[in-house]
Amino acid sequence: MRKRPLGFWCLVVTVLLYLFVRERPIPYTNDSAWQGKSLTVTGKVYRKETVIQRTGPVSVLYLELIQENRTGYHDGKIICYLKAGQTEPEMGSCVKLCGKPKLFERASNPGQFDLYSFYQISGISYRLNQAEILAKTTEYNHFTEMLYQARCFLAKKLESSLPEKEAAIMCAILLGTKSGMDREIKMLYQQNGIAHILAISGLHVSMLGMGLYRLLRKWGVPMKEAAACSAAAMLLYGAMVGFSVSAVRAILMFAIHMFAVICERTYDMLTAVSVAAVLVLLEQPLYFFHSGFIFSFGCVAGIGTLLPALTEGSSLCREKGSKWTRRLIKGLLTGVGMSVITLPVNLWFYYQFPVYSVFLNLLIIPLMSLLVMAGLALIAVQFLHPLAAVPFAFVVQGILKLYEIAMKLCNKLPGRLWIAGQPKEWQVLVYLFLLTAVVVFRKQLKLLTKWVVVAVAMIVLCIRTENRMELTFLDVGQGDCIFVGNANGDNYLVDGGSSSVSEVGIYRIIPFLKSRGVHRLKAVFVTHPDEDHCNGIRELLADGKKQGIFIENLVLPDVEEEEKSQGYLELERLALDADIPVRSISAGQEITDGRLKFICLNPSKDSALTENEYSVVLQLYYENFSAVLTGDVEGKGEQEMLRCMKERGADQVTVLKAAHHGSAYSTPEELLNIITPVYTVVSCGQNNSYGHPHKELLERLINCKTNTIITYEAGAVTFWTDGNRVEVKKYLEK
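Residues numbered from 1 in each chain as written. Predicted model: local features only at pLDDT ≥ 70, side-chain atom pairs only at ≥ 80, totals over all residues. Heavy atoms only, no water.

**Some points on the overall build of the protein chain**
Defined as follows: For helices the rule is a DSSP run of H or I covering at least 4 residues; for strands it is a run of E covering at least 2, with both sets numbered from the N terminus onward. Here the globule rule reads 2.2 Å times residues to the power 0.38, and the radius of gyration is calculated from C-alpha atoms. Throughout, a contact is declared for two residues whenever any of their heavy atoms are within 4.5 Å. What sets the accessible areas is the Shrake-Rupley method with a 1.4 Å probe; for residues, cover comes only from the shown protein chains. Charged residues are defined narrowly, with Lys and Arg counted positive, Asp and Glu counted negative, and His plus the chain ends left uncounted. In this description, the location of a charge corresponds to atom NZ of lysine, CZ of arginine, CG of aspartate or CD of glutamate.
For the protein chain, the count of helices and strands is 23 helices and 24 strands. Taking 27 Å as the expected radius of gyration for a compact globule of 734 residues, we find that the protein chain reaches 29 Å, a close match to that expectation. Overall, the protein chain is about 95 × 70 × 50 Å in size when its C-alpha atoms are taken along their principal axes. Across the protein chain, the fraction of contacts at a sequence separation of at least 24, relative to all contacts at a separation of at least 6, is 71%. Total accessible area computed for the protein chain in this model is approximately 35100 Å², and 58% of it derives from carbon and sulfur atoms. Within the protein chain, the 68 negative side-chain charges are centred at a point lying 14 Å from the centre of the 75 positive side-chain charges.

Structural data, given as structure tokens:
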């Protein structure tokens, strides 16, 4: 407090802001009633970009609304995707547009990215698709339009000298435009933990800002004037590339540095990052829940506090030997220290940690300065002659190719992704408390002791305390996906597909599994090969290993060869390509795993059945807890299921999954009378074209006095049990 009074009071303000936001969360605004209807809006263009979609490039406008045609709705900001052929308006101009509004998707499952909250932080309410410009003003902001045109001009310079893939990466690194990047390349950087180099950050600002400052000083410009010019130049750069969180942090810290030069005061990095954080949070306190904010500011704070404590006093760095050996050892210690700093952020938001990123950054970071300088030089020399850019383009391509080779090599190494799941809040707090203790007592503790404390902190952060069986019905829209987690650590999946959510495996199922710390599925059951039960499973079979999730067995219904559809055969082929054994299951078979038992009630192999009729039905037991998972069973299959239940002397079950998403003729009264479920879960999408769940079924469920839960209302539904007591959690009620 004595050394950094301003930093201390910034910390106090930050804590107070956090407590305020935590106690007063902004409620969810559901405007689904007007989604899809035509809407006319008027607003001012404050940002624009071009994104690449499957149909080609699309112009996107960001509007600050002036008025709307919906009485009572709050003013705010929106995103407009223009129709093809529309003339792009200038920055700062006022436009009137007509289009179809689309709400941002709210996360309804653990692990799912919350698009609604992400845009809520930026004050953006919704997006307008197929927008048509009805009118626009001739007046606009010439300054911001000039910056936008400059950004486009510089992007074209990069595109003219580099291949498409490399040009897109350099546009992201130098100009902050990621819309043109190939999806696989972007994922490659993310999976290897080096996506931070694709964002405008302190490296860019320090190179450009300090480079300009030193150049001006070399030309004889007085110190204060050089500092003021450099700070102004970085503010212009930020305005041109877009003020992302990391860019705002870096530019604010650089501006504070230059202000210290002007005032002839000493610059302190920790005070600067504290002031920058408070300025950002005062403008929008919801940044507390933004991964980019926490990652950017947390890393800088950790570099200034924890990193010196973990690297100082190392005898390995002081021993006699070659300079490169000492640098390598110090680099490794620094890399591991940075991993310690970023670990809770990675696990909280992404549920995993790329193990080899520690070593990969030893290659990536030192070459970044050369890459940025080569990119800037490439743009600059093109003003002289296009051929002058060839040597710099060669350097850029060489470094990016080296990055790609290194990342692909890391992807082939075993154990590249450590999927630990999302920690509890108390675990993060204990972790931070122990790291704070290392910083506070850095002088009293030996280096080995510090690292022992860090190791204990990591164990606390990553330990999983659940000792119960979990049964979760994911909200996958119009489809089914059920997760079963045994208390002994074995995990199972029953179905995984949707007819209303695209790429449901990538965006809902895999993130859920990672949030639970699941990297291995002992078995995946596919009840039948309808798309709404298996298209997500196909994604798992094709890309699961790349995502760090391994499947030990694929279990399909045991049917005759001539009854297998193309979808069934496709599942078998994908499993064969992924070296996953394919098993079959039919009525009467049992699978026991400790206290967990699965009993198959359908299909019977005695007669020809349709896909829905041969749908696998599983009865799950965990001591006194039981559940019946029915797939889409109907007709002969339903009769076979009832016969098996009667033969076994069925008792009351805890949970029933309503068959066929709640169709009118499934889950008959006879079944409900036999098992009298305490809870019945209906898995279906909101406003689906099938009318699920049907009124007739809901009336039957009311008559049998079961607790009915519909996934589109509750989100993911989770049952935890120790075999006797049951805890129920609806995700959207949190």
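**Focus on the packing of aromatic side chains**
For clarity, the cut-off: Each Phe, Tyr or Trp ring (for Trp, its six-membered ring) is paired with any other whose centre lies within 6.5 Å, and the angle between the two planes then decides the class: stacked below 30 degrees, edge-to-face above 60, tilted in between. Relative accessibility decides the category of a residue: with a 1.4 Å probe and only protein chains considered, values under 20% of the type maximum give buried, values over 50% give exposed, and everything between is partly exposed.
Within the structure shown, the criterion is met by 15 aromatic pairs. When the centroid spacing of 5.2 Å and the interplanar angle of 75° are considered together, the rings of Tyr-18 and Phe-288 count as edge-to-face. Of this pair, Tyr-18 sits in helix H1 (residues 5-23) while Phe-288 sits in the loop between helix H9 (269-283) and helix H10 (291-311), and the two are 270 residues apart along the sequence. For Tyr-18, a relative accessible area of 30% translates into the label partly exposed. Judged by its relative accessible area of 13%, Phe-288 falls in the buried class. For the ring pair Phe-473 and Phe-719, a centre distance of 6.2 Å and an interplane angle of 85° mean the geometry is edge-to-face. One end of the pair, Phe-473, is in strand S8 (residues 469-473); the other, Phe-719, is in strand S23 (residues 717-721), and 246 residues separate them in sequence.

**Remarks on the nonpolar core**
Soluble, globular proteins show a tendency: their nonpolar side chains are buried together. The criterion, for reference: What we call a nonpolar core is a set of buried Ala, Val, Leu, Ile, Met, Phe, Trp, Tyr and Cys residues that are connected through their side-chain atoms within 4.5 Å.
Core analysis: the largest hydrophobic core is formed by 57 residues, its most contacted members being Leu-158, Met-170, Ile-173, Tyr-189, Leu-371 and Tyr-403. For this core, the secondary-structure elements that each account for two or more residues are helix H3 (142-161), helix H4 (164-175), helix H5 (183-191), helix H6 (202-218), helix H7 (223-241), helix H8 (245-262), helix H13 (357-381) and helix H14 (390-412). Filtering out sequence-adjacent residues up to four positions away, Ile-173 remains in contact with Ile-197, Leu-198, Ile-200, His-204, Met-368, Leu-371 and Val-372. Core analysis: the next-biggest nonpolar cluster, separate from the first, contains 34 residues, Leu-474, Leu-513, Ile-549 and Leu-571 among them.

**Describing the packing of H9 against H10**
Spelled out, the test is: Note on method: axes are straight lines fitted to C-alpha atoms, helices fitted across the in-contact stretch only, with angles between N-to-C directions ranging 0 to 180 degrees. In what follows, roughly perpendicular refers to angles from 65 to 115 degrees, roughly parallel to angles under 35, roughly antiparallel to angles over 145, and oblique to any angle outside these ranges. Handedness of a crossing is defined here by the sense of rotation of the near helix relative to the far one, left-handed for an anticlockwise turn of less than a right angle and right-handed for a clockwise turn. Gly is put with the polar residues, along with every residue not named as nonpolar or charged; the nonpolar set is Ala, Val, Leu, Ile, Met, Phe, Trp, Tyr, Cys and Pro, and the charged set is Asp, Glu, Lys and Arg.
Running from N to C, H9 and H10 point in directions that differ by 160°, and their axes come no closer than 9 Å. Classified by the angle between their axes, H9 and H10 sit roughly antiparallel to one another. By crossing handedness, the relation of H9 to H10 is classed as left-handed. For the pair formed by H9 and H10, the contact residues are Met-269, Leu-270, Val-273, Ala-276, Ala-277, Val-280 and Leu-281 on the first element and Phe-293, Phe-297, Val-300, Ala-301, Ile-303, Gly-304 and Thr-305 on the second. Among the residues making up the contact of H9 with H10, the classes are represented as twelve nonpolar, two polar and no charged.

**Details of the pairing of strand S14 (residues 554-557)**
Using the following cut-off: Strand pairing requires that DSSP identify at least two bridges connecting the strands. Seen with its strands pointing away from the viewer, a crossover is right-handed when the path leading from the first strand over the helix to the second is clockwise.
With two bridges connecting them, strand S12 (residues 523-525) and S14 associate as parallel partners. Following the sheet pairing, Phe-525 is matched in S14 by Val-555. Each parallel crossover has a hand, and the one from S14 via helix H19 (residues 566-577) to strand S15 (residues 582-585) is right-handed.

**Quick word on the layout of surface pockets**
Basically, it comes down to this: The way it works is a 1 Å grid over only the protein atoms, where trapped points that fit a 1.4 Å probe form a cavity and open points with protein on both sides within 12 Å along at least five of seven lines form a pocket, and then any residue with an atom within 4 Å of a point lines it. Grid points are joined across faces, edges and corners, and a volume is the space filled by probe spheres set on the points.
There is about 620 Å³ of room inside the second largest pocket. Together, 17 residues line the second largest pocket, and Glu-184, Met-187, Gln-191, Asp-543 and Lys-546 are the ones closest to its centre. Of all the secondary-structure elements, those providing two or more residues to the lining of the second largest pocket are H5 and H14. A total of six residues in the lining of the second largest pocket trace back to one element, the largest contributor, which is H5.

**Considerations on the sheet that holds S23**
Spatially, the eight strands line up as an open sheet ordered S15-S14-S12-S10-S9-S8-S23-S24, and their pairing is mixed. Each end of this open sheet is capped by a strand with a single partner; those strands are S15 and strand S24 (726-730). Neighbour to neighbour, the strand axes of the sheet diverge by 20° on average, direction disregarded. Strand direction decides the pairing type here: S23 and S24, joined by five bridges, are antiparallel. Each bridged residue has a counterpart across the sheet, and for Phe-719 the counterpart in S24 is Val-728. Packed onto the sheet, helix H17 (residues 504-515) meets S8, strand S9 (479-485) and strand S10 (491-498) and runs at close to 160° relative to S10. Contacts from H19 reach S14 and S15, with the element oriented near 160° to S14.

**Quick word on a negative patch on the surface**
Stated precisely, the cut-off is as follows: Residues qualify for a patch when their relative accessible area is over 30% and they have no salt bridge, like charges being joined within 9 Å and the nonpolar side chains of Val, Leu, Ile, Met, Phe, Trp and Tyr within 5 Å. We count a salt bridge whenever a side-chain nitrogen from Lys or Arg sits within 4 Å of a carboxyl oxygen from Asp or Glu.
A cluster of acidic residues, Glu-159, Glu-164, Asp-182 and Glu-184, forms a negative patch on the protein surface. Secondary-structure assignment places Glu-164 in helix H4.

**Topic: the sheet that holds strand S17 (residues 596-602)**
If you trace the seven strands from one edge of the open sheet to the other, you get S16-S17-S18-S19-S20-S21-S22, paired in mixed fashion. Edge strands, defined here as strands with exactly one partner in the open sheet, are strand S16 (590-593) and strand S22 (707-710). Between one strand axis and the next, the sheet turns through 15° on average, direction left out of account. Note that S16 and S17 share four bridges and pair antiparallel.

**A word on the pattern of salt bridges**
Taken as a whole, this structure holds 31 salt bridges when the rule is applied. A salt bridge links Asp-490 to Lys-522; the nearest nitrogen and oxygen atoms lie 3.4 Å apart. Of this pair, Asp-490 sits in the loop between S9 and S10 while Lys-522 is found in the loop between strand S11 (520-521) and S12, placing the two residues 32 residues apart along the sequence. The partly exposed category is assigned to Lys-522, whose relative accessible area is 31%. The salt bridge partner of Asp-593 is Lys-522, with a shortest N-O separation of 3.9 Å. Residue Asp-593 is found in strand S16, and its partner Lys-522 is found in the loop between S11 and S12; the two are separated by 71 residues along the sequence. Each member of the salt-bridge network shares a partner with another, and the members are Lys-48, Glu-88 and Glu-145.

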